[in-house]
2 protein chains.
Amino acid sequence: MASDDDKEPLLSVSVDASHQFNEKNALKRRRCPHGNDAPSSKINFHDKNGLESSLSHPDLISAREQLSLKRVFMYFAIYLSVGTSCFYLVRHQIEGKKTNGVLDAIYFCVVTMTTVGYGDLVPNNTLSKLLACVFVFSGMGLVGFFLSKAADYIVEKEEILLVKAIFTREKFGPTEVLKEAESNKAKYKFLTILTLLLVLVTVGTIFLYRFEGLDFIDAFYCVCATITTLGYGDESFSTEGGRLFAVFWILISTICLAQFFLYLAELYTENRQRLLIKWALTRDLTASDLEAADLDNDKVVSVSEFIVYKLKETGKITEEDISVVMEGFKNLDVDHSGTLTSSDLMLPESTQAQN
Amino acid sequence: MASDDDKEPLLSVSVDASHQFNEKNALKRRRCPHGNDAPSSKINFHDKNGLESSLSHPDLISAREQLSLKRVFMYFAIYLSVGTSCFYLVRHQIEGKKTNGVLDAIYFCVVTMTTVGYGDLVPNNTLSKLLACVFVFSGMGLVGFFLSKAADYIVEKEEILLVKAIFTREKFGPTEVLKEAESNKAKYKFLTILTLLLVLVTVGTIFLYRFEGLDFIDAFYCVCATITTLGYGDESFSTEGGRLFAVFWILISTICLAQFFLYLAELYTENRQRLLIKWALTRDLTASDLEAADLDNDKVVSVSEFIVYKLKETGKITEEDISVVMEGFKNLDVDHSGTLTSSDLMLPESTQAQN
């Protein structure tokens, strides 16, 4: 029961995976890649089964992400409702520039959870101070949770629009656009978030300039102090309309900037990873490399052994990943041949049940 | 030459790799598995070399990390010197509670770069406001850079001490302690940072209580508002001694909390990854799986093909990783046998030069 609970989000995946089974079951005979036809065999693998099996997985992942996106938004709604209620109830223990009671409570809640903390409204009593502590920690956690999952998912969806906008339709069909977006993921996600960030900065500056009566420099300064969560508090949203705008704008723009830095790091890491793989591939192969790469000790390094060895060398996969999967391999290898063939599938379930 | 530039940080690695090359031993004769005309090739696998090649990589990685750790600290030093100088020069454009000129400048710099932004000192002129904007963005980037690299490196070193403290020496020798730390990395890094964080919160609270004259609740509230970078500014460091303490304490504790959340996310991701691998290993293998996993089309799924397939299924490695390494494989496979054997090492360099 307990383990069932753990796997709950994975259940839908299992159902879909079994779907594949019905679609294709016969192994087609193909030519062995001796000699010069290695490239064609690789293409064959991609076109036929590779694509299908690799397509189904992202689909499942995205289905799960959509599910967790909903959950994240639900958490946000709960957090904001509870926070607003709490701060509304202790509103007499909060001092500073006040406008509308409920609006101030939700504004204080957002300013706290995003760690902007202007200080235009501050708790002045033990209860409200401790409440602020509780909400800033949980808010940070929630924003972090959002950053790692939901924001990435949203940006990925938007990114395709950007790629479409950059490449005219004449040159690229929808499939090419998808491919282009896929192969330069980190780059386009970065460009998407940069575009969004520039829009948010512009909108915020214009709003503060027009509706909060700040001059242009002060408006821009307040925008910078807010999206970075610096929040000195010398300039903030003091009108009722301003605070209503701030609730949405602060939430979106602070998350957007944090995500921007995350993508910057991702872009950097990806480039490093590519350089590392490049290095691992260009350095001379030695006899000891061949030995270390030869997982099944047949004195020959196959393409997959080479992949495992090189990805381990670059730190992409770890010894632990390998040993866990190897354990699973041994359980599936019912006839103990050291390889998996269709005969391993044929053997009675009772033999397999021991895993 | 241009590509040489790219590899600059990897140079030391290349040198070490070529070292291995010289140690390569005489190869014994053995028949080529696909029996073609290439000079018959034999491989003599030496335990000594294999071990060396797998050991050298982590060592090199850690050497590089130590290098980048130094670089990160240099960036911090440059940032703080430049920031302090700038804010000292515009000190008359900063208003608020003042103590010592230089101390206030460095305090303001740290409060800005960590995005705490109490607001006890605020820029009141165009130049100082724009300077604050520049320093908050660059500070955020720098702290993020530190978080992703150096902090992790430092925590990893400390973590071993914690693991040692948890497991008594009687049961575990130094090697076992290292192994224990290695296999539960995420867990022990999390525990290490949690311990550090509790110490920092305690020290900060006691300091504010004793030297800044705050009552206990206020001291704790100020600590929470600071480490989360909330910084309302109703309570802050106002004395000279307090600000000196704050410069170090704020820098360390804000980074510590951010790193804490990073490890929490890592722990969560790792658990999910394990669940995903578990799922990928327990679900029934189908004939189409076998076909998709069979990279070299020999109708047999070897252990390494299984590893590649399962790690791709769980999203640990991508199609792109695989195709890049496959490209490298093709270049190394000089005799086009579809496998790497010692004969591929023997062929003249001129043949290999085409990559």
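Residues numbered from 1 in each chain as written. Chains lettered and ligands numbered in written order. Predicted model: local features only at pLDDT ≥ 70, side-chain atom pairs only at ≥ 80, totals over all residues. Heavy atoms only, no water.

Undergrad: Even after reading the chapter, I still don't get the overall build of chain A, so can you show me in this structure?
TA: Within chain A one finds 14 helices and four strands. Counting the 355 residues in chain A, one finds 46% classified as buried. Restricting the contact set of chain A to residue pairs at least 6 apart, pairs at least 24 apart contribute 65%. (Helix = DSSP H or I, 4+ residues; strand = E, 2+ residues; numbered from the N terminus. Buried < 20%, exposed > 50% of the residue type's maximum accessible area, 1.4 Å probe, protein only. Contact = heavy atoms within 4.5 Å.)

Undergrad: I would appreciate a short explanation of helix 9 (residues 240–282) of chain B in the present structure.
TA: One full turn of an α-helix is made of 3.6 residues, so residues set three or four places apart face in the same direction. In a regular helix each residue adds 1.5 Å, so 43 residues correspond to 63 Å; helix 9 of chain B covers 63 Å between its end C-alpha atoms and thus fits that length. Maximal helix bending in helix 9 of chain B amounts to about 35°, located at B:Ala246. (Expected span 1.5 Å × (residues − 1). Bend = angle between axes of the 7 residues up to and from the residue.)

Undergrad: Even after reading the chapter, I still don't get the pattern of salt bridges, so can you show me in this structure?
TA: A side chain of one charge can pair with a side chain of the opposite charge when the charged atoms of the two come close. Evaluated as defined, the whole model comprises 15 salt bridges over all chains. The residue A:Lys129 makes a salt bridge to B:Asp218 at a minimum N-O spacing of 2.4 Å. Here B:Asp218 lies in helix 8 (residues 216–227) and A:Lys129 lies in helix 5 (residues 126–166), a pairing that spans two chains. Just as A:Lys129 is buried, B:Asp218 falls in that class too. Taking the shortest distance from any N to any O, the salt bridge between B:Glu266 and B:Lys189 comes out at 3.3 Å. Residue B:Glu266 is found in helix 9, and its partner B:Lys189 is found in helix 7 (residues 185–211); the two are separated by 77 residues along the sequence. Judged by its relative accessible area of 30%, B:Glu266 is partly exposed. Overall, the relative accessible area of 4% leaves B:Lys189 in the buried class. One continuous salt-bridge network, built from bridges that share partners, spans A:Asp104, A:Asp120 and A:Arg243. (Salt bridge = Lys/Arg side-chain N within 4 Å of Asp/Glu carboxyl O.)

Undergrad: How do you make sense of the environment of A:Glu266 when you look at a structure like this?
TA: Taking C-alpha positions, A:Glu266 is 9.9 Å from A:Lys189, a pair spaced 77 residues apart along the chain. Those residues in contact with A:Glu266 that sit more than four places away from it in its chain are A:Ala186 and A:Lys189.

Undergrad: Would you explain the side chain of B:Asp218 in this entry?
TA: Residue classification places B:Asp218 among the buried positions, given a relative accessible area of 14%. What B:Asp218 contacts, discounting residues up to four positions off in sequence, is A:Lys129 and B:Glu235.

Undergrad: What should I look at first to understand the confidence of the model for chain A in this one?
TA: Note that predicted coordinates carrying low pLDDT should not be read in detail. All names here are of chain A. The pLDDT averaged across chain A works out to 76; a share of 74% of its residues lies at or above 70. Segment residues 1–57 is flagged for pLDDT under 50; beyond a separation of four residues in sequence, or across chains, it makes 77 contacts in the model. Within the model, the stretch residues 348–355 combines pLDDT values under 50 with six contacts to residues more than four positions away or in other chains. This prediction of the complex comes with two scores: 0.73 for pTM and 0.72 for ipTM. (pLDDT = per-residue confidence, 0-100.)

Undergrad: For this particular structure, what's the right way to read helix 11 (residues 303–313) of chain B?
TA: All names here are of chain B. Of all eleven residues in helix 11, eleven are buried, a share of seventy percent or more. If you check which residues of helix 11 are buried, you get Val 303, Ser 304, Glu 305, Phe 306, Ile 307, Val 308, Tyr 309, Lys 310, Leu 311, Lys 312 and Glu 313. Gly 315 sits one or two residues past helix 11 and shows a positive phi near 80°.

Undergrad: Quick question: what am I supposed to make of the environment of B:Ala280 here?
TA: Residue and element names in this part refer to chain B. Topologically, Ala 280 is positioned in helix 9. When its relative accessible area of 0% is taken as the criterion, Ala 280 is described as buried. Residues Ala 280 and Ala 186, 94 residues apart in the sequence, show an inter-C-alpha distance of 22 Å. Excluding residues within four positions of it along the chain, Ala 280 makes contact with Lys 310, Glu 313 and Thr 314.

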